[in-house]
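Residues per chain are reported as follows:
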Amino acid sequence: MRLMVNGQERALPDGATVQALVCELGMAEGGRGVAVAVDGEVVPRSQWPESALRPGARVEVLTAVQGG
Amino acid sequence: MRLMVNGQERALPDGATVQALVCELGMAEGGRGVAVAVDGEVVPRSQWPESALRPGARVEVLTAVQGG
Amino acid sequence: MRLMVNGQERALPDGATVQALVCELGMAEGGRGVAVAVDGEVVPRSQWPESALRPGARVEVLTAVQGG
Amino acid sequence: MRLMVNGQERALPDGATVQALVCELGMAEGGRGVAVAVDGEVVPRSQWPESALRPGARVEVLTAVQGG
Amino acid sequence: MDDALIIAGRRFGSRLILGTGGFTNHEILARALAASETEMCTVALRRLDPGARGSILDVLDRAGVAVLPNTAGCFTARDAVTTAHLAREAFGTSWIKLEVIGDDRTLLPDAVELLAAAETLVDEDFVVLPYTTDDPVLARRLEDVGCAAVMPLGSPIGSGMGICNPYNLSIILERAGVPVVLDAGVGTASDAALALELGCDAVLCASAISRAQDPVAMARAVNLAVQAGALAGGAGRIPRRRYAEASTPEAGTPVFAPASTPAGNPAQASA
Amino acid sequence: MDDALIIAGRRFGSRLILGTGGFTNHEILARALAASETEMCTVALRRLDPGARGSILDVLDRAGVAVLPNTAGCFTARDAVTTAHLAREAFGTSWIKLEVIGDDRTLLPDAVELLAAAETLVDEDFVVLPYTTDDPVLARRLEDVGCAAVMPLGSPIGSGMGICNPYNLSIILERAGVPVVLDAGVGTASDAALALELGCDAVLCASAISRAQDPVAMARAVNLAVQAGALAGGAGRIPRRRYAEASTPEAGTPVFAPASTPAGNPAQASA
Amino acid sequence: MDDALIIAGRRFGSRLILGTGGFTNHEILARALAASETEMCTVALRRLDPGARGSILDVLDRAGVAVLPNTAGCFTARDAVTTAHLAREAFGTSWIKLEVIGDDRTLLPDAVELLAAAETLVDEDFVVLPYTTDDPVLARRLEDVGCAAVMPLGSPIGSGMGICNPYNLSIILERAGVPVVLDAGVGTASDAALALELGCDAVLCASAISRAQDPVAMARAVNLAVQAGALAGGAGRIPRRRYAEASTPEAGTPVFAPASTPAGNPAQASA
Amino acid sequence: MDDALIIAGRRFGSRLILGTGGFTNHEILARALAASETEMCTVALRRLDPGARGSILDVLDRAGVAVLPNTAGCFTARDAVTTAHLAREAFGTSWIKLEVIGDDRTLLPDAVELLAAAETLVDEDFVVLPYTTDDPVLARRLEDVGCAAVMPLGSPIGSGMGICNPYNLSIILERAGVPVVLDAGVGTASDAALALELGCDAVLCASAISRAQDPVAMARAVNLAVQAGALAGGAGRIPRRRYAEASTPEAGTPVFAPASTPAGNPAQASA
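Description of the structure in this document. Given the structure is predicted, the values throughout are model-derived calculations rather than measurements.

Summing up its helical and strand segments, chain A has 1 helix and 5 strands in all. Mapped in sequence order, the helices and strands of chain A form the string β-β-α-β-β-β. For chain A, whose C-alpha radius of gyration is 11 Å, the value lies close to the compact-globule estimate of 11 Å for 68 residues. Seen along its three principal axes, the alpha-carbon backbone of chain A occupies a region of about 35 × 20 × 20 Å. A total of about 3,200 Å² of accessible surface is found on chain A, and carbon and sulfur atoms cover 52% of it.

With that settled, consider unusual backbone geometry. Trans is the common state for peptide bonds, and a negative phi is the common state for residues other than glycine. Within the chain, A8 of chain G stands out as a residue other than glycine whose phi angle is a positive 50 degrees. With respect to the secondary-structure elements, A8 of chain G resides in the loop between β1 (5-7) and β2 (10-12).

What follows is about helix α6 (residues 166-175) of chain F. Residues and elements named next belong to chain F. For α6, the tally of buried residues reaches 7 of 10 residues, placing the bulk of the element in the interior. Listed as buried for α6 are Y167, N168, L169, S170, I171, I172 and L173. Buried-residue contacts for α6 involve α5 (136-144), β8 (151-152), β9 (181-183) and α7 (189-198).

All names here are of chain H. The sheet built from 3 strands is open, its strands ordered β6-β7-β8 with parallel pairing. Each edge of the open sheet carries a strand with a single partner, namely β6 (95-98) and β8 (151-152). Here β6 runs beside strand β7 (residues 127-132); their pairing, made up of 4 bridges, is parallel. Bridging from a neighbouring strand, K97 pairs with L129 of β7. Docked against the sheet, helix α4 (residues 111-123) engages β6 and β7, running at close to 170 degrees with respect to β7.

Contact residues are listed per partner, giving 28 residues for chain H and 24 residues for chain D. With both chains or domains summed, chain H and chain D bury close to 2,200 Å², and 58% of this area falls on carbon and sulfur atoms. For chain H, the biggest contributors to the area lost against chain D are R47, L48 and E89 of chain H; these three give 33% of the whole. As a salt-bridge pair, D61 of chain H and R32 of chain D come within 2.8 Å of each other at their nearest N and O atoms. Along the contact surface separating chain H from chain D lie 14 residue pairs in polar contact (both at pLDDT 80 or more).

In this section: the packing of helix α5 (residues 136-144) of chain G against helix α6 (residues 166-175) of chain G. All names here are of chain G. Contact geometry for α5 and α6: axes closest at 9 Å, N-to-C directions at 30 degrees. Put simply, α5 runs roughly parallel to α6. Relative to α6, the crossing made by α5 is right-handed. Only N168, I171, I172 and R175 of α6 make contact with α5, whose side of the interface consists of P136, A139, R140 and E143. In terms of residue class, the contact of α5 with α6 is made up of 4 nonpolar, 1 polar and 3 charged.

A few words now on the interface of chain H and chain G. Contacts between the two partners involve 84 residues from chain H and, on the opposite side, 84 residues from chain G. Here chain H packs against chain G, burying approximately 6,500 Å² in sum over the two surfaces, 60% of which is carbon and sulfur. It is R46, I238 and F256 of chain H that lose the most area in chain H upon contact with chain G, and together they represent 10% of the buried surface on that side. Our count for the contact surface shared by chain H and chain G stands at 2 salt bridges. With a shortest N-O distance of 3.9 Å, E245 of chain G and R211 of chain H are connected by a salt bridge. Summed over the shared surface of chain H and chain G, the result is 30 residue pairs in polar contact (both at pLDDT 80 or more). Mapped by element, the contributors of at least two residues to the side of chain H that touches chain G are β4 (40-47), α3 (77-91), α7 (189-198), α8 (207-210), α9 (215-234) and α10 (266-270) of chain H. If one sorts the elements of the side of chain H that touches chain G by residue count, α9 of chain H sits on top with 10 residues. Across the side of chain H that touches chain G, the residue classes tally to 40 nonpolar, 27 polar and 17 charged.

A few words on the relation of the copies chain H and chain G. Superposition of chain H onto chain G requires a rotation of 180 degrees combined with a translation of 0.0 Å along the rotation axis, giving an RMSD of 0.0 Å. Overall, the copies show the geometry of a two-fold rotation axis. Both copies contact each other with a shared surface, as 100% of the interface residues of chain H are interface residues in chain G too.

So, about helix α5 (residues 136-144) of chain H. Because the α-helix completes a turn every 3.6 residues, residues three or four places apart line up on one side. Residue and element names in this part refer to chain H. Burial runs high along α5: 7 of the 9 residues are buried. When we look at burial in α5, the residues that qualify are P136, V137, L138, A139, R140, R141 and L142. Taking the backbone nitrogen of V137 as reference, a side-chain oxygen 2.8 Å away marks D135 as the first, capping residue of α5. Following α5 by one or two positions, G146 has its phi on the positive side, about 110 degrees.

This part is about the arrangement of the chains. Kept free of each other, chain A and chain C leave a smallest C-alpha distance of 51 Å between them. Nothing in chain C touches chain D; the tightest C-alpha to C-alpha distance between them is still 42 Å.

Further remarks concern the packing of helix α1 (residues 26-36) of chain F against helix α2 (residues 56-63) of chain F. Residue and element names in this part refer to chain F. Closest axis-to-axis distance for the α1/α2 pair is 10 Å, and the angle between their directions is 25 degrees. One element, α1, and the other, α2, form an angle in the roughly parallel class. Note that α1 runs across α2; the crossing there is right-handed. Residues H26, L29, A30 and L33 of α1 pack against I56, V59, L60 and A63 of α2.

Attention now goes to the pattern of salt bridges. One pass over the structure, following the stated rule, counts 63 salt bridges over all chains. Here R140 of chain E and D103 of chain G are joined by a salt bridge, their closest N and O atoms 3.6 Å apart. Placement of the pair is R140 of chain E in helix α5 (residues 136-144) and D103 of chain G in the loop between β6 (95-98) and α4 (111-123), with the two residues belonging to separate chains. Overlapping salt bridges, with partners in common, bring together D103 of chain E, R242 of chain F together with R140, E174 and R175 of chain G in one network.

Definitions and limits used
- Residues numbered from 1 in each chain as written.
- Chains lettered and ligands numbered in written order.
- Predicted model: local features only at pLDDT ≥ 70, side-chain atom pairs only at ≥ 80, totals over all residues.
- Heavy atoms only, no water.
- Helix = DSSP H or I, 4+ residues; strand = E, 2+ residues; numbered from the N terminus.
- Rg over C-alpha atoms; globule rule 2.2 N^0.38 Å.
- Areas by Shrake-Rupley, 256 points an atom, 1.4 Å probe, with all protein chains shown as cover.
- Buried < 20%, exposed > 50% of the residue type's maximum accessible area, 1.4 Å probe, protein only.
- Contact = heavy atoms within 4.5 Å.
- Pairing = 2+ DSSP bridges.
- Axes fitted to C-alpha atoms, helices over the stretch in contact; angles between N-to-C directions.
- Buried area = accessible area lost by both parts, 1.4 Å probe.
- Salt bridge = Lys/Arg side-chain N within 4 Å of Asp/Glu carboxyl O.
- Polar contact = N/O pair within 3.5 Å; in protein donor to acceptor, adjacent residues only side chain to side chain.
- Parallel < 35°, antiparallel > 145°, perpendicular 65-115°, else oblique.
- Left-handed = near helix turned anticlockwise from the far one by under 90°.
- Nonpolar A, V, L, I, M, F, W, Y, C, P; charged D, E, K, R; others polar.
- Least-squares fit on C-alpha atoms with pLDDT ≥ 70 in both.

Take a look at the structure:
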């Protein structure tokens, strides 16, 4: 399926979970400092393993950077 | 009947109108620079003659003063 | 004879007076707004006709300009 | 003899020296931080023992104080 | 800068708006009005005092100036809107100087209530002139909702501290698409001149004039200062320079004697 | 403040002295002169340039203004004194704007040479108007030796930085027994208004006007600003206050509904 | 002033909060962290860049400082609230530096959106530290809705202009019931010292340190300045006086000779 | 900036020179000395008071700081020179803080007398540190005659007004070939930090510390502020900018929903 990850189109196997996406993006397990929003809604880390992504979803995967 | 005019209790004949009150307060006819609110609602000058005051009404009769 | 007028060498007939120099420089008669110093000493206008210039004299002929 | 010490008249035995005066004023020996002027002239410490005071002399005996 | 101030399509020959508060009596107000040459004055609405003699409206009518009612004393959008309605009734004008105060010691505006009231009144076709802080974002929000002008403060009402933050004011001026009127803070004539030089379209001034020891002289002074500031603002001032720029030419400077310029002389030193 | 400026017994209707340096030509100078309404202008002495057409004196004569020669460009008391002698010859006046510069980048005065030159010229019956620093002690020394006025700078000549140190200027004004003329530093109209408000008797202004993009408009602006400042300075300005002082009376403020003043309301909070 | 800064019951040994933006690399950041002796640093959330090497969190962990996530880049309450939720997930903290910007050139806060976001987040048990304007009314509104501190700006982020309006800041400080942190505007050490002297409880500083030519030296400088300001603010400074107050006693001044004080002497003159 | 201050070839580890005037007793002075970490203190000469107990010299000796005698109270070059001679006798040092006052209310220096005294004392091999005005020309004249440093005032002694004219001070600093010590005017720590940031080599501070409510705390504060200012001055501060410079990167900013950035949004508006 195709969806938007951080503003860019990306292909993922159907039914892929947030956890899968995050791992694919190379996050260390636990992935401290990372947060995910799908279609503007925050997905708590505890739900990453179960929450399946839908085709066309707009996903934001964010991490800590220097700032402010 | 008794009502509050500019924060002070005042007695008026039952059924007295806004017009009557304003005149009693000594406004020149036309009474430019004067405005009236009854229970927080503005009473347009055109309606002064008809609008009868109810007992216990809170009436504000205002006029122009020097101001910033 | 040769002398310095306003910082530049200049030739004048021997015995030339300040008056002569000023006229030669094109001053209107009276020459209001003009003043002359010879070797650092002011020469009052009244003395222009008599005061003869010496060879090598350093003459400043000044006039009014815009200034702060 | 009578002389002025720090603005006040004072009596001293004739021929008293600066050294004597300073001691009388209770300076520790050496008297570091003390300086003396007689009639406006500084008297170096080395000369205190010899320099005799004259009647009517104006003597300033100064010492260190807190200051700017 | 054009001589005329234009707000909501209306033309004013003077860039000074006079606040009428604080004058000891109508006679002094009338003379100050004349000296100020203003064409618009603020007035307030207060409870009718049967004992009061003479109406300020008569003074303003005789002077032929426009009336600008204010909502002074309101701490909420609701009270300010009600007061604006009453003012429209009382004075037959839809122009309103909108004040919604957030603190009674500094009389500083309450940004949230002010914006809410402005939006409501603009929808009701009022010509809204809001008294606001010097916050550039709030000023633009007020313009965005349709205010006819924005009136940022220089410093608190009656404080006479002038323009506390020229930077913020300059940012407001840089962005504004409607007239900017400096409201509150002016303490004396030079404050008003500075406001116009910075680019303000007008100044609203009450206490600085009404409470001066000689209100009529100060009215004249602020009048001249506003004209001076408008002219200067349009005349292209010289830049600020760190070093001097001689106003007298160096060329043609006489030399009287070598001795006259000693060794220590900076001219030589730097030559 | 009286309308008239009096220096050495001479009366001037304007408190603006115009420096003539920096104008691009005599025609603009003439128009700026008219717009400024000044009654005295400075001029300098430089080596005669046979090619030069038209004399500035003709311009000043036509305008009917007094001529104030300066000693610009002098770095020593000796040169300044010689220049003053030449000026007296050239212009038939004993008035002199005394400049003795100590540094050619800032054109700041040299205190020691200035005071020496002033003393000499006063002894020779010159009417000495010294261009000085904002040092209050030096200003008094200049007055003590007999100068007819003192002319402290606000900031360096042509810098347009205005009054860098209002404190020093205020101390000079507090002590001065002769007229104080702010000389140098004015960048725009409000600077001039401020100088008069602080108590200066006049302002001497050259570059701010002559080098503005529109010298004639700026001349008019500074003229108005000087009048505004003089009036305001005499009108008794309001004090600076930390808190607001309402210009609209609180008494008689209507109450439309209890609900209209929420609990969070500062008026209540502070009541 | 106590040595400790306490926000929401948490104790900090340093009154300097360090913004981590602008450091050229993590190594310099780490050294600046040490030099600053700060105990809390801000971080932001941005899209994951798989290429990025090393996490700022590791740097902060090694330094043992608390993490304060911000909502930089948000222009609406809604985005700011969402970002706060994400930050809580990412960093496991309910502390948030709330930024809701109203203009992208000055990065000034939007009062209305900021207050709305603050109210929402406080209701969700966030410890809200809002970056706000220097508007005293807005500051109190933020406190009223439950913010743990208020963080007014001195001037725009990264502008280095210091405290543009000390008056407004002083009014905020006078009224505040929660810690006041000067956020934005600090350009150099003395700005930070001044903020503490005025009464601020802390300073949040990023660009002044991270973009200085020598960030580590500036980190140390601001660290010392904050300590100096806190000490001075509590030490009871001398009042500002118009006239001098001799630090050396007059009593006991010697007199060397009558001639030594000439007639012109001001001491005599004024005696 | 190097950690060490060097005057006349002598090295000082601290850039703070402490004036000892105004401390209520020697014990507080001793504790303030320790807190300040100064290495040089001023003292004055006054008529011997047989009743006085304890000498300030003992306090300074115990602290191991250098003694810098002053000529406070002198109004003429002659008195100042005599006082310097006495100080050399009394303290066995040729270092002198030269004060020649021209006015007893402001205690401002007299330029002419000061320069004359400096010239005389330099010829007699004194190490002359003159307390001077902020006049850049006078400062250079003092350097030209051989002063070991120049000590311009920020504002009058004990006035606590800080640096009234940073422009003049910056010009002095730009030209100076000897150390520049800010003397007089410091009111609190940030004033001292600013002086060092501007480029002063040191600060001489008396009243700000000795007359603070807590002199020991203020001594520590000024000590830290001087270190902060010296570090910051050498760290290359960020420039002052009119517009903001984001400290958080824009790149990678998430987008949560189109709806989240309304039409009125400035980011869009300006995009």
